[in-house]
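# Fold and contact review
Spelled out, the chains give:
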Amino acid sequence: MKFGLLILYSIMGFFMAFVVCGGIGFALAAILAVFKSLRRPKNLWFMLAYLFGAVICFLLFLGGLSLCGWIEERTHYASRAGIIFGAVFPGFICLSIIPNFVSIARKQTSGIHVD
């Protein structure tokens, strides 16, 4: 039972690390769009889209935290170190998402079509 909880918490920790890094990337992209909106007013729409993505990521993170808390209460806080294990070690891989968001936002706000 405890090993299964450890695996579950590790997966949830990885998911939350992925969502948080995506949210940070969206927030940085929104800041970039605000700064570039002086030259191109269309970037305000990009800013709204990036902020919407950041809010969705924030809400997913809060939902994951509340789900972890609900499971912990039911299992008497067994194997909760798996959240840290799943968030920290694979979370370093998720940090590579943030520069990708910023580079795509730099291209989109400059008028370059990105697929």
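To start, this report covers the structure provided alongside it. (Residues numbered from 1 in each chain as written. Predicted model: local features only at pLDDT ≥ 70, side-chain atom pairs only at ≥ 80, totals over all residues. Heavy atoms only, no water.)

### Focus on the packing of helix 1 (residues 2-36) against helix 2 (residues 43-74)
Helix 2 packs onto helix 1 with a crossing angle of 160° between their chain directions and a minimal axis gap of 8 Å. Between helix 1 and helix 2, the crossing angle belongs to the class labelled roughly antiparallel. With respect to the hand of their crossing, helix 1 and helix 2 are arranged in left-handed fashion. Each residue belonging to the contact of helix 1 with helix 2 can be placed in one class, and the counts come to 25 nonpolar, 5 polar and 2 charged. (Axes fitted to C-alpha atoms, helices over the stretch in contact; angles between N-to-C directions. Helix = DSSP H or I, 4+ residues; strand = E, 2+ residues; numbered from the N terminus. Parallel < 35°, antiparallel > 145°, perpendicular 65-115°, else oblique. Left-handed = near helix turned anticlockwise from the far one by under 90°. Nonpolar A, V, L, I, M, F, W, Y, C, P; charged D, E, K, R; others polar.)

### Brief notes about helix 2
Counted at 1.5 Å a residue, the expected span for helix 2 with its 32 residues is 46 Å, and the 47 Å between its end C-alpha atoms agrees. For helix 2, every residue scored as buried is listed here: Asn 43, Met 47, Tyr 50, Gly 53, Ala 54, Cys 57, Gly 64, Cys 68, Ile 71 and Glu 72. Those residues of helix 2 that are buried are in contact with helix 1, helix 3 (81-88) and helix 5 (97-109). Downstream of helix 2 by a residue or two, His 76 has a phi angle that is positive, lying close to 60°. (Expected span 1.5 Å × (residues − 1). Buried < 20%, exposed > 50% of the residue type's maximum accessible area, 1.4 Å probe, protein only. Contact = heavy atoms within 4.5 Å.)

Limitation: the analysis is restricted to geometry and does not speak to function.
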